[in-house]
Amino acid sequence: MFKNYLKIAARSLIKNKVYSLINISGLAAGIACCLIIFLYVQDELGYDKFHKNSKNIYRVLSAEPGKPISARTPFRLGPTLQQEFPEINRTARITWPWPEVVSYEDKNFNQNVICTDSTFFEVFSFALIKGNPREVLNKPNHVVITEEAARKYFGAEDPIGKTVLFNREHEFVVGGIVENVPRHSHFQFDMLAPIPFMRNKFGSALDQWDFEEFFTYLLLSEKSSRSDLENKFSGFIEKHIGQERPAGLMFPLQPLHHIRLYSSHLAWDITVHGDIAYIYTFSAIAIFVLLIASVNYMNLSTARSTKRAKEVGLRKVVGANRRQLVRQFLGESLLLAFLSLILAIGLVEILLPLFNNILGKSLAIRYSQNLPFLSGLVITTILVGVISGSFPAFFLSAFRPAEVLKSKLKSDKTAILRKGLVTLQFTISISLIVCSIAVYRQLHFLKTKDLEFDKEHLIVANMPDSENERSTYLALKNDLLQHPDITGVSAASSVPPHKYHYTGAHAADDSNKTSLTMKFFAVDHNFIETLEMKMVSGRTFSADYATDEKGAIVINEAAVRELGWETPVGKRLKVNWNDRVGTVIGVVKDFHFKSLHDKIEPTVFTVDFNQLWQIVVRIRPQNIPNTLNDIKLQWKKYDPVTPFDFSFVDQNFAQQYRAEQKMGSALGYFTFLAILIACLGIFGLASFSAENRTKEIGIRKILGASVAGIVNLLSKDFVKNVLLANCIAWPLAYFAMNKWLENFAYRIDVGWPMFALAGGAALLIALLTVSTQAIKAALANPVEALRYE
């Protein structure tokens, strides 16, 4: 029986080559789209799952009224929590991966160094190749290095016991080697140093509860409840922190496996974030594209029902029951689906390099290692086959033999359904077109929006290492300014859009000392001029005024609004960061320090040479390679050990929109795919319609119908479907895009032109697709048409 079904299915596919090709190619494209998206989703959801106790590891966040929620917490928090709560088995603190110059003999490289507790390997499951997990970080002068770092410094030598130098002054002995950090870890490092090393950097500041420079992780016992533990923290805060921090301070717990996809709202995070919204978006696209492909099969199968009606009638006459016929038609559908699967796998292998480049991934189908993927592949194909073939199977098997064999079968029973399915296809396609246009326009807006300072041709680098940083910086600055292609040199605690600092500040004459949270910049005198920010009142800093270094303050317009000052110049302001009371000498126009996701916040500038951590150089657009090489030579003159690692400010800003750029590119490709599949479907339906109305077209031509009239006759129903699809798609796309744009504080308006463009594009594509068959039918010889059948 099965062999017979297979023969009939194969014969049907071969006999109807055009329809088979349309169905197989459409389903293959839909399945390929699903496979690529499934690989992407699987990759994104796989972060930090390799840790043995990943389900019981939580990261502590810091939430304080008036500030963004931060991933950084106080130094003392982890150990104090473990002492207080028995449900916490272990804690581990890690620092930001500081770029340290690590030297061994004549080899000097910038390495990402994390300082951490001796319990690091008890909380996390990074695999040690050499060293005892419980002891390797116990000694204050021992470090653990990755395999890659070991090869870089020691080649084939055994690194254990060798001494490396941090920043030319701190000696550390290699005590362990760890496997290279998996790509699916939310933090990366080259070396691990014991946490006491941080005393050299921060001293007694580590003991202050308001000093947040550490990421704290808790390993809870199996039966512990996250919510119960969080509820106990209010008493803990009152007992241990008290008045050292503002009222309302909280320490929420974030599951380890949520860090990758649920952290985009956090400030000062250690990881490059993904976004769970994009997981939902791409998953929905996969379902929609597969749905469009499945609809093609259903449409063409039901449209061709009259062609197979006699076959069904004869089978029923000779004894076939409905169940057997359903199995036959579902078998054909499943055969088609598995043929499509084979083609889809080939398409995926061809297209994966393109999508890896777009998404910044290294996705691959690992057939022998990915049982869930292969299982999902087979299940998806079976579902596609059953869903696509279910309606045709049950519809065709319901034909009555008597009506079929007497040619009394009404051929338009499924016409309304087919029109509805075509409308559904174009509703999805038009929605995707609108979304693609909106994403493209928003990305263009992000790239071209005036940030109120000139980000072009600005180079930023960390300060050169020196015992006397101020004199070294000033000497380097003076030498660089002699270069004809360098127009400005300055420095700051941070340069947009790099990590930023917050401080409390209040009007000096405010008796209540009502503190406002502001962004803080310690700067050189000419920082504002070098970045070409605009002053709206007063003046900027000047080395000509000796008092500017200790007593002058510049604020932005947002700070003026928050302080409620009408004439801010001359007012006195207390800045908590460097405990300075100064006079406001000027107001700078609001500028975008971060991405356009975030609103411009109150900002305060002071001149403070003790906190200049980044140098910024403005160069001319001509001879950039030569200029960079000259800067590197000057750099080595003052710091021969530290490599000159720099970046361009405009590229740093562009990096902030990398996720949106990836989504926009991928969305464009998937939209094209959806439209292509939909067009394949209406191409098949148009072919069937022209074939089915051959005699009618011949008679109309003999009676004087024009080619344009015939084309209009065959196209008008499809045009109506596309117009109806526009009416449904526009509100859906409007809602979806407004929801996405809520992530941006500064954004485009979703106006009618993009809907008109999407609708017009869909209508034109549909007309071109249908017209190819309509014109062919209209130009056919009417005599041949009347001889048809």
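Each value, and the rule that gives it
Residue indices begin from 1 for each chain and proceed along its sequence in written order. Note on the predicted model: pLDDT of at least 70 is required for a residue's local features to be given, and 80 or more for side-chain atom pairs to be given and counted; whole-chain, interface and lining totals, by contrast, use all residues. Processing note: side-chain calculations cover all non-hydrogen atoms of the structure and skip hydrogens and water entirely. For helices the rule is a DSSP run of H or I covering at least 4 residues; for strands it is a run of E covering at least 2, with both sets numbered from the N terminus onward. Residue exposure (1.4 Å probe, protein chains only): buried if accessible area is under 20% of the type maximum, exposed if over 50%, otherwise partly exposed. Between two residues, a contact is recorded if the distance between any of their heavy atoms is within 4.5 Å. Each accessible area is a Shrake-Rupley estimate made with a 1.4 Å probe; only the visible protein chains count as cover when residues are assessed. Think of a 1 Å grid over just the protein atoms. A cavity is a set of points where a 1.4 Å probe fits yet cannot get out, a pocket is an open set with protein on both sides within 12 Å along at least five of seven lines, and lining residues have an atom within 4 Å of a point. Grid points are joined across faces, edges and corners, and a volume is the space filled by probe spheres set on the points. Polarity classes work like this: nonpolar for Ala, Val, Leu, Ile, Met, Phe, Trp, Tyr, Cys and Pro, charged for Asp, Glu, Lys and Arg, and polar for all others, with Gly in that last group. Working rule for helices: expected span equals 1.5 Å times residues minus one. Bend is computed residue by residue as the angle between axes fitted to the seven residues ending at the residue and the seven residues starting at it. We define the nonpolar core as a collection of buried residues of types Ala, Val, Leu, Ile, Met, Phe, Trp, Tyr and Cys that are connected through side-chain atoms lying within 4.5 Å of one another. Two strands are said to pair when DSSP picks up at least two bridges between them. By definition, no residue in a patch forms a salt bridge, and every one has over 30% relative accessible area; like charges are joined within 9 Å, nonpolar side chains (Val, Leu, Ile, Met, Phe, Trp, Tyr) within 5 Å. The term salt bridge refers to a pairing of a side-chain nitrogen on Lys or Arg with a carboxyl oxygen on Asp or Glu at a separation within 4 Å. Confidence scores here are pLDDT values: one per residue, from the predictor, ranging 0 to 100.

1. Thoughts on the overall build of the protein chain
In terms of helices and strands, the protein chain carries 24 helices and 23 strands. The buried share among the 789 residues of the protein chain stands at 52%. At a minimum sequence separation of 6, the contacts of the protein chain that also span at least 24 residues come to 79%. Summed over its atoms, the accessible surface of the protein chain is roughly 36,100 Å², and 56% of this surface lies on carbon and sulfur atoms.

2. A short note on empty space enclosed by the protein
Applying the stated criterion across every chain, the model contains five cavities of 30 Å³ or more. Residue lining of the second largest cavity: Lys519, Asn556, Phe591, His592, Phe593, Lys594, Ser595, Asp598, Lys599, Ile600, Glu601 and Thr603, and that is the complete set. Within the lining of the second largest cavity, the residues separate by chemical class into three nonpolar, four polar and five charged.

3. Focus: unusual backbone geometry
Looking along the chain, the bond that leaves Pro496 and enters Pro497 is cis, with omega of -5°. Relative to the helices and strands, Pro497 resides in the loop between strand 14 (486-492) and strand 15 (501-507).

4. Some thoughts on helix 7 (residues 226-240)
For helix 7, spanning 15 residues, the distance from its first C-alpha to its last is 20 Å, which sits close to the expected 21 Å at 1.5 Å a residue. The sharpest bend along helix 7 comes to roughly 30°, located at Ser234. For helix 7, the complete set of buried residues consists of Leu229, Phe233, Phe236 and Ile237. The secondary structure elements touched by the buried residues of helix 7 are helix 3 (77-84), strand 3 (88-95), strand 11 (212-220) and strand 12 (253-255).

5. Focus: the layout of surface pockets
Approximately 560 Å³ is the volume found for the second largest pocket. Residue lining of the second largest pocket: 22 residues in total, with Thr281, Ala284, Phe288, Cys435 and Ala736 positioned closest to the centre. Looking at the lining of the second largest pocket, the elements with two or more residues in it are helix 8 (276-303), helix 13 (415-448), helix 20 (658-692) and helix 22 (707-741). When grouped by side-chain class, the residues that make up the lining of the second largest pocket number 18 nonpolar, three polar and one charged.

6. Describing the nonpolar core
Core analysis: the biggest nonpolar cluster contains 134 residues, and Phe426 and Phe605 have the highest contact counts within it. It is helix 2 (residues 17-45) that contributes the most residues to this core, 16 residues altogether. Those residues within four positions of Phe426 in sequence are excluded, and the remaining contacts are Ala678, Ile682, Val722, Ala725, Ala762 and Ala766. By size, the runner-up hydrophobic cluster in this structure holds 26 residues, among which are Leu61, Phe124, Phe126 and Val181.

7. A look at the pairing of strand 9 (residues 170-178)
Buried residues dominate strand 9, accounting for seven of its nine residues. Here strand 6 (residues 128-130) pairs with strand 9 via two bridges, running antiparallel. Directly across from Leu128, in strand 9, lies its bridge partner Val178. Bridging between strand 7 (residues 142-146) and strand 9 involves five bridges; their strand directions are parallel. Paired with His142 across the bridge in strand 9 is Val173. Bridge count between strand 8 (residues 163-166) and strand 9: four bridges; the pairing is antiparallel. Within strand 9, the residue paired with Phe166 across the bridge is His170. The antiparallel pairing of strand 8 with strand 9 creates a hairpin that spans three residues between the two strands, and Asn167 there sits at a positive phi of about 50°.

8. Things to note about the pairing of strand 3
Looking along a regular strand, one sees side chains alternate from face to face of the sheet. Among the eight residues that make up strand 3, six are buried, leaving the element largely enclosed by the rest of the structure. Inspection of the sheet shows strand 3 paired to strand 11 by seven bridges, in the antiparallel sense. Each bridged residue has a counterpart across the sheet, and for Thr95 the counterpart in strand 11 is Phe214.

9. Remarks on a nonpolar patch on the surface
On the surface, a cluster of nonpolar side chains totalling about 330 Å² of accessible area is made up of Ile287, Phe288, Leu291 and Leu424. When residues of the nonpolar patch are assigned to their parent elements, the largest contribution, three residues, is made by helix 8. In this fold, Leu424 is placed in helix 13.

10. Looking at the pattern of salt bridges
Between side chains of opposite charge, pairing is possible as soon as their charged atoms come close. Across all of its chains, the model carries 27 salt bridges by this definition. We note a salt bridge from Asp117 to Arg93, for which the minimum N-O separation is 2.7 Å. Note that Asp117 is positioned in the loop between strand 5 (107-116) and helix 4 (120-123) and Arg93 in strand 3, a separation of 24 residues in sequence. Looking at Asp117, the relative accessible area reads 11%, which means it is buried. For Arg93, a relative accessible area of 7% corresponds to the buried category. Between Arg226 and Glu230 there is a salt bridge, with its nearest N and O atoms 3.9 Å apart. Of the two residues, Arg226 and Glu230 both sit in helix 7, four residues apart, roughly one turn of that helix. Relative accessible area serves as the criterion here: at 32%, Arg226 is assigned to the partly exposed category. Judged by relative accessible area, Glu230 falls into the partly exposed class, the value being 24%.

11. Some words on the confidence of the model for the protein chain
With 88% of its residues at a pLDDT of 70 or more, the protein chain shows a mean pLDDT of 84. Per-element confidence in the protein chain is highest for strand 1 (residues 57-60), whose mean pLDDT is 96, and lowest for helix 12 (residues 401-405), whose mean pLDDT is 54.

12. What about the environment of Gly26?
Looking at the element boundaries, Gly26 is found in helix 2. Expressed as a C-alpha distance, the spacing of Gly26 and Leu290, which sit 264 residues apart in the sequence, is 8.8 Å.

13. Examining the environment of Ala247
Relative to the helices and strands, Ala247 is located in the loop between helix 7 and strand 12. On a C-alpha basis, the gap between Ala247 and Pro65 in space is 7.9 Å, while along the polypeptide they are 182 residues apart.

14. Regarding the environment of Tyr278
Note on placement: Tyr278 falls in helix 8. According to the relative accessible area criterion, Tyr278 is buried, its value standing at 7%. Spatially, the C-alpha atoms of Tyr278 and Ala659 are 8.9 Å apart, while their sequence positions differ by 381 residues. Tyr278 has contacts with Tyr40, Ala659, Glu660, Met663 and Trp740, leaving out every residue within four places of it along the chain.

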